[in-house]
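Here is what each chain is made of, one letter per residue.
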Amino acid sequence: IKLNNVEMAILNEVPEETNIHIKLTKEVPVYNAKIKWSSSDEEILTSEGVNKNKTSDPKYVTLSYVITIDGYTREGQKQVKILPYLVEQQLNVIEEMIKNSIPKSTVKDIMLIRNVYEYWAEINWNSSNENVISKTGDVRNINEKPVTVTLTYTIKIYEDQRVGTIQVE
């Protein structure tokens, strides 16, 4: 029953088709289950679930899995249609989110987006003047005249990245 439950759960998480990365569950602690994945084509979809399809055509990949619970195993497969990975569009969406979240001027701390889990994105920040706005968004310019600071963000989705800047007064 445990093997059936885990198998149904992990298969429900794997889509029939995708143009983004797939979150492949590696363990289900409630059942003490470990899952090992492999891909029929690591150049298109890795065994970590990373969509690497940079072609203009959909590709079919077979994901194989081995579930292990208390010494018992179950093996299976699921075919997935891997659409071209649209990293540029994802970077555009994240960049727009960042730009919409940062005020043009402020006296309060700024909440800097650090992750966009939906796209497996990590965002790192730097400040042109840490004494005024830190790279964590802390505003420190107390009763001084307005100062313009350049915040630089680096959006990283696996090996793809984009760097941009925002001016804040």
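Preceding block: the structure.
Residues numbered from 1 in each chain as written. Predicted model: local features only at pLDDT ≥ 70, side-chain atom pairs only at ≥ 80, totals over all residues. Heavy atoms only, no water.

Engineer: What am I meant to see in the environment of V168 here?
Structural biologist: Its location among the elements puts V168 in strand β9 (residues 160–168). Its relative accessible area of 0% is what places V168 among the buried residues. Linking V168 and G137, residues 31 residues apart in sequence, is a C-alpha distance of 11 Å. In contact with V168, not counting residues within four places along its chain, are I102, P103, K104, S105, T106, I110, I133, V147, T148, V149 and L151. (Helix = DSSP H or I, 4+ residues; strand = E, 2+ residues; numbered from the N terminus. Buried < 20%, exposed > 50% of the residue type's maximum accessible area, 1.4 Å probe, protein only. Contact = heavy atoms within 4.5 Å.)

Engineer: Would you mind showing me how to read helix α2 (residues 87–101) here?
Structural biologist: Since the α-helix packs 3.6 residues into each turn, any two residues three or four apart lie on the same face. Taking 1.5 Å of rise per residue, the 15 residues of α2 would be expected to cover 21 Å, and the 21 Å separating its terminal C-alpha atoms lies within 8% of that figure. Within α2, burial applies to V87, Q90, L91, I94, E95 and I98. Viewed along the axis of α2, the buried residues span an arc of 135°, placing them on a single side of the element. Buried-residue contacts for α2 involve β6 (115–116), β7 (121–127), β8 (149–157) and β9. (Expected span 1.5 Å × (residues − 1). Arc of directions from axis to C-beta.)

Engineer: I tried to follow helix α1 (residues 2–13) on my own but got confused; where do I start?
Structural biologist: For α1, which comprises twelve residues, the first-to-last C-alpha distance of 17 Å matches the rise-based estimate of 16 Å (1.5 Å per residue) to within 8%. For α1, the secondary structure elements touched by its buried residues are β2 (27–28), β3 (33–39), β4 (59–69) and β5 (72–82).

Engineer: Please clarify how the side chain of T18 should be interpreted in this entry.
Structural biologist: Within the element layout of this structure, T18 appears in strand β1 (residues 17–18). Polar contacts involving the side chain of T18 include one to the main-chain amide nitrogen of I20, which spans 3.1 Å. Apart from residues no more than four positions distant in its own chain, T18 is found in contact with N51, V80, K81, I82 and L83. (Polar contact = N/O pair within 3.5 Å; in protein donor to acceptor, adjacent residues only side chain to side chain.)

Engineer: Explain the pairing of β8 here, please?
Structural biologist: The two faces of the sheet receive side chains in turn, since in a regular strand these alternate between them. Of the two faces of β8, the one holding V149, L151, Y153, I155 and I157 is buried and the one holding T150, T152, T154 and K156 is not buried anywhere. Pairing between β7 and β8: six bridges, direction antiparallel. Bridge assignment links N126 to a residue of β8, and that residue is T152. With nine bridges joining them, β8 and β9 adopt antiparallel strand pairing. Residue pairing for β9: T150 is matched across the bridge by Q167. Hairpin geometry of β8 and β9 is characterised by an intervening segment of two residues between the two adjacent antiparallel strands and by a positive phi of about 55° at Y158. (Pairing = 2+ DSSP bridges.)

Engineer: Before we go on, may I ask you to explain the nonpolar core in this structure?
Structural biologist: Taken as a class, soluble globular proteins show a tendency for nonpolar side chains to be buried jointly. Judged by nonpolar contacts, the single largest core of 24 residues is most densely connected at I94, I98 and I123. Sorting the residues of this core by element identifies α2, β7, β8 and β9 as the ones contributing at least two each. Sort the elements by how many residues they give to this core and β8 lands first, with five residues. The residues contacting I98, other than those within four sequence positions of it, are I113, I123, W125, Y153, I155 and I166. (Core = buried A, V, L, I, M, F, W, Y, C linked by side-chain atoms within 4.5 Å.)

Engineer: Honestly, the pairing of β5 in this entry has me stumped. Any pointers?
Structural biologist: As paired strands, β1 and β5 are joined by two bridges and run parallel to one another. Bridged to E17 within β5 is K81. Across eleven bridges, the pairing between β4 and β5 is antiparallel. Within β5, the position partnered with S64 by the bridge is Q77. From the end of β4 to the start of β5, which pair antiparallel, there are two residues, and D70 there has a positive phi angle of about 50°.

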